[in-house]
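Reading the structure
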Amino acid sequence: MIPRQTDPGVDEALLIREVRAGKVESFEYFVRKYQRRITRLAYRLLRDAGEADCAAQESFLRAYQNLNDFREGSTFETWVTRICINWCKDRLKRRRLVFYFHQGPAENDDDESGPRDAAAGDEPSPERRAISREIRERLRQAIESLSPRQKSVFVLKHFEELSIPEIAELTGLDSGTVKSHLFRAAHKIRERLGEFRKA
Amino acid sequence: MHLTDAQLFGLAIPAAGVPEALPPHLSECIACSRALQTWKGAVGEIAGEMGPIGARTPEAWADAEDLTMRSIRRAGSIRRGTPLRWGVGIAASLLLLALAVPMRRSGSGAPAAATPSDLSPQDQADDALLRDVARLARAEETGGSWDALVPQPGTQTRDEERL
């Protein structure tokens, strides 16, 4: 019988050994336990529900097919998350290429009203909501302008709220490089926000 | 002077990943303090945005998981481990090498080295000169005399005659 993801004390290493020995059903435990989290992470990176589902499914399939390369000292969650991040990075790279060749570089938002100006006064609640919406839109566009690697590091830090060492483990980068990517990502977003204000 | 969008963003999402010290202006300016809250709220909302995935029912999740399991079952058995794959690759390369070396030795493909009789007189003279230079270098290393290869005045070497 396959253990449920809520069962306490499930020995994941044992389940992995069973899958390696040919018991595919044992893999279901991992799918049931981690697919939602992996799909949400993929959605944060790709901002497309269909692609996020595809990323999650593909990540589990790759994890299964390459299970013999999985090291016992690691956790399955880290292993499948890393596969998912790499899949999403490849997808983002391809998307950027397609975007560049079909549409050219991103255009700035041409909405003239600035969130800062509006926030300075004592606005009623609908206006405040509008400001928040505008900031979200500008921020989202600025995040989309990041390179795939910068974006994945940024999302893992600020949206998934992971620590630098955790991000380093998931991305295969060292901590210094993660910090450097984070810094560059934040700098690039600030620059983009500056461009928005000028526009 | 109010804080700019970029400054507010820097406070809402610090570049180094650790909170930065708040500027004194924030404690004096209600508008900027409120704007910072708006920025932080916007960041939190983006982080929490899950689009259609956020509204997915447990049944829809179960369907997605079933789909993944179906694709895994279709994929069949798991692949061999990397060390084994590398081992097979290395063994295949060695086998090819072992087959290629005897073929090369049997002279089926490579042209035979030219014999001195096949060379033109000019080439033979060049070879002789090169041999002399090599001998000269060896003599220098072993402390031999340069005179050994210097022709005596008034005499001609065989090579010079040929040239």
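The structure reproduced in this document is the subject of the present report. None of the values given here were measured: they were computed from a predicted structure.

Comments concerning the overall build of chain A
A tally of helices and strands in chain A yields nine helices and zero strands. Written out in order from the N terminus, the α and β elements of chain A read α-α-α-α-α-α-α-α-α. Counting all 199 residues of chain A, 48% fall into the buried class. Nonlocal contacts in chain A, meaning residues at least 24 apart in sequence, comprise 63% of its contacts between residues at least 6 apart. Of the roughly 10000 Å² that chain A leaves accessible, carbon and sulfur atoms contribute 49%.

Section: the packing of helix α2 (residues 28–46) of chain A against helix α3 (residues 49–65) of chain A
Residue and element names in this part refer to chain A. Where α2 contacts α3, the two axes come as close as 8 Å, and the packing angle between them is 135 degrees. Classed by the angle they form, the pair α2 and α3 counts as oblique. Our pair here, α2 against α3, has a crossing hand that is right-handed. Along its contact with α2, which presents Phe-30, Val-31, Tyr-34, Gln-35, Ile-38, Thr-39, Ala-42, Tyr-43 and Leu-46, the element α3 presents Ala-49, Glu-51, Ala-52, Asp-53, Ala-55, Ala-56 and Phe-60. Among the residues making up the contact of α2 with α3, the classes are represented as 12 nonpolar, two polar and two charged.

Some remarks on helix α1 (residues 5–12) of chain B
Note: α-helices contain 3.6 residues per turn, so residues at a spacing of three or four share the same orientation. Burial runs high along α1(B): six of the eight residues are buried. By the burial criterion, the buried members of α1(B) are Asp5(B), Leu8(B), Phe9(B), Gly10(B), Leu11(B) and Ala12(B).

Section: the side chain of Ser132(A)
Of note, Ser132(A) is situated in helix α6 (residues 125–144). On the basis of relative accessibility, which here comes to 10%, the residue Ser132(A) falls in the buried class. The residues contacting Ser132(A), other than those within four sequence positions of it, are Thr38(B), Ala42(B) and Glu45(B).

Observations regarding the nonpolar core
Core analysis: the biggest nonpolar cluster contains 81 residues, and Phe27(A), Phe60(A), Phe76(A), Leu139(A), Ile189(A) and Ile72(B) have the highest contact counts within it. In this structure, Phe60(A) is in contact with Phe27(A), Phe30(A), Val31(A), Tyr34(A), Gln35(A), Ile38(A), Phe76(A), Val80(A), Thr68(B) and Ile72(B), ignoring residues within four places of it in sequence.

Some remarks on the interface of chain A and chain B
Contact with chain A, which involves 53 residues of that partner, is made by 51 residues of chain B. Buried surface at the junction of chain A and chain B, both sides included, amounts to about 4800 Å², of which 60% is carbon and sulfur. If you look at where chain A meets chain B, you find 10 salt bridges. The tally of links between chain A and chain B comes to 12 residue pairs in polar contact (both at pLDDT 80 or more). Of all the secondary structure elements, the ones that give two or more residues to the side of chain A that touches chain B are α1 (12–20), α2, α3, α5 (115–120), α6, α7 (148–159) and α9 (175–198) of chain A. At nine residues, α2(A) tops the list of elements feeding residues into the side of chain A that touches chain B.

Cut-offs applied
- Residues numbered from 1 in each chain as written.
- Chains lettered and ligands numbered in written order.
- Predicted model: local features only at pLDDT ≥ 70, side-chain atom pairs only at ≥ 80, totals over all residues.
- Heavy atoms only, no water.
- Helix = DSSP H or I, 4+ residues; strand = E, 2+ residues; numbered from the N terminus.
- Buried < 20%, exposed > 50% of the residue type's maximum accessible area, 1.4 Å probe, protein only.
- Contact = heavy atoms within 4.5 Å.
- Areas by Shrake-Rupley, 256 points an atom, 1.4 Å probe, with all protein chains shown as cover.
- Axes fitted to C-alpha atoms, helices over the stretch in contact; angles between N-to-C directions.
- Parallel < 35°, antiparallel > 145°, perpendicular 65-115°, else oblique.
- Left-handed = near helix turned anticlockwise from the far one by under 90°.
- Nonpolar A, V, L, I, M, F, W, Y, C, P; charged D, E, K, R; others polar.
- Core = buried A, V, L, I, M, F, W, Y, C linked by side-chain atoms within 4.5 Å.
- Buried area = accessible area lost by both parts, 1.4 Å probe.
- Salt bridge = Lys/Arg side-chain N within 4 Å of Asp/Glu carboxyl O.
- Polar contact = N/O pair within 3.5 Å; in protein donor to acceptor, adjacent residues only side chain to side chain.

Spatial relationships are all this shows, so hold off on functional conclusions.
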